[in-house]
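Each chain, written out:
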Amino acid sequence: MKKRELMMRAIELSENSVRNGGGPFGAVIARDGEIVAEASNCVTIDNDPTAHAEVSAIRKATKKLGTFDLTGCELYTSCEPCPMCLGAIYWAHIDHIYYANDRKDAARIEFDDDFIYQELSLAPADRQKPCEIFMQSEAKRAFEMWAEKDDKAEY
């Protein structure tokens, strides 16, 4: 399939999602022009705030391919990925992201992903949901164990 067809599929998924009670987002993961996985937003359907189209498509693709590394794949998504999805895309090593609407378009329909992007630039203590380090020395043992482990699967 060509890029245009793959993006049209993501857009179609977003429209179908709205018709079926989900959010207006769809995503397709492709490798060599062939669809590996696709998904739409199911946050309200599944009562799962992580069930964004991109994350759901990544979960399906990794399961289908039997690997957490999606190098060689491209993502076609109906909207610029939110910070959570962008993080998942980076962790999955997807090669390229194509998106149709951007975060400003999403904000205009009250999906304010841009707010989270702005929060990430603040110091943890200055965010609307403050964060603080707690029991750091006790937690270091797991990191030391990982660093010393010879047979770890690095990712």
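The text that follows walks through the structure, step by step, so that each part is easy to find. Because the structure is predicted, anything quoted here is derived from the model rather than measured.

## Overview of the overall build of the protein chain
- For the protein chain, the count of helices and strands is seven helices and four strands.
- If you list the helices and strands of the protein chain from N to C, you get α-β-β-α-α-β-α-β-α-α-α.
- Taking the principal axes of its C-alpha atoms as reference, the protein chain extends roughly 50 × 40 × 25 Å.
- Out of the 155 residues belonging to the protein chain, those deemed buried represent 32%.
- For the protein chain, contacts bridging at least 24 residues in sequence account for 47% of all contacts bridging at least 6.
- Split by element, the accessible area of the protein chain, about 10,300 Å² in all, is 54% carbon and sulfur.

## What about the packing of aromatic side chains?
- Applying the stated criterion to the full structure yields five aromatic pairs.
- Ring centres of F68 and Y155 lie 6.0 Å apart, and the angle between their planes is 75°; this geometry places the pair in the edge-to-face category. Placement of the pair is F68 in the loop between α3 (53–65) and β3 (73–79) and Y155 in the segment after α7 (136–148), with a sequence separation of 87 residues.
- Judged by relative accessible area, F68 falls into the partly exposed class, the value being 46%.
- Taking relative accessible area as the criterion, Y155 reaches 65% and is therefore assigned exposed.
- Three or more aromatic residues joined by ring pairs form one cluster here, namely F68, W91, W146 and Y155.
- In this arrangement the basic side chain of R103 is found over the ring face of Y117, its NZ or CZ atom lying 3.7 Å from the centre.

## Focus: the pattern of salt bridges
- Going through the model one piece at a time under the given rule, you end up with eight salt bridges.
- For E38, the salt bridge is made with R9, and the minimal N-O distance between the two is 2.5 Å. Residue E38 is found in strand β2 (residues 34–40), and its partner R9 is found in helix α1 (residues 3–19); the two are separated by 29 residues along the sequence.
- With a relative accessible area of 24%, E38 lands in the partly exposed category.

## Things to note about helix α4 (residues 83–92)
- If you check which residues of α4 are buried, you get P83, C85, I89 and A92.
- Where the residues of α4 are buried, they touch α3, β3, β4 (96–101) and α6 (113–120).
- Of the residues flanking the end of α4, it is H93, one or two places downstream, whose phi is positive at about 65°.

## Details of the layout of surface pockets
- Reported here for the largest pocket is a volume of approximately 170 Å³.
- Surrounding the largest pocket, 13 residues form its lining, F25, N41, H52, F111 and D113 being those nearest its centre.
- Of the residues assigned to the lining of the largest pocket, the class counts are eight nonpolar, two polar and three charged.

## Thoughts on the pairing of β3
- Most of β3 sits out of view: six of its seven residues are buried.
- When strand β1 (residues 26–31) meets β3, the two strands line up antiparallel, connected through five bridges. Pairing of V28 across the sheet is with Y76, part of β3.
- Summarising the sheet, β3 and β4 pair through five bridges and their orientation is parallel. Each bridged residue has a counterpart across the sheet, and for C79 the counterpart in β4 is N101.
- Following the chain from β3 across α4 to the adjacent parallel β4, one finds a crossover that is right-handed.

About the cut-offs
- Residues numbered from 1 in each chain as written.
- Predicted model: local features only at pLDDT ≥ 70, side-chain atom pairs only at ≥ 80, totals over all residues.
- Heavy atoms only, no water.
- Helix = DSSP H or I, 4+ residues; strand = E, 2+ residues; numbered from the N terminus.
- Buried < 20%, exposed > 50% of the residue type's maximum accessible area, 1.4 Å probe, protein only.
- Contact = heavy atoms within 4.5 Å.
- Areas by Shrake-Rupley, 256 points an atom, 1.4 Å probe, with all protein chains shown as cover.
- Phe/Tyr/Trp six-rings, centres within 6.5 Å; stacked < 30°, edge-to-face > 60°.
- Lys NZ or Arg CZ within 6 Å of the ring centre and 35° of its normal.
- Salt bridge = Lys/Arg side-chain N within 4 Å of Asp/Glu carboxyl O.
- 1 Å grid on protein atoms, 1.4 Å probe; cavity = no way out; pocket = protein on both sides within 12 Å on 5 of 7 lines; lining within 4 Å.
- Points joined across faces, edges and corners; volume = space filled by probe spheres on them.
- Nonpolar A, V, L, I, M, F, W, Y, C, P; charged D, E, K, R; others polar.
- Pairing = 2+ DSSP bridges.
- Right-handed = clockwise from strand over helix to strand, strands pointing away.

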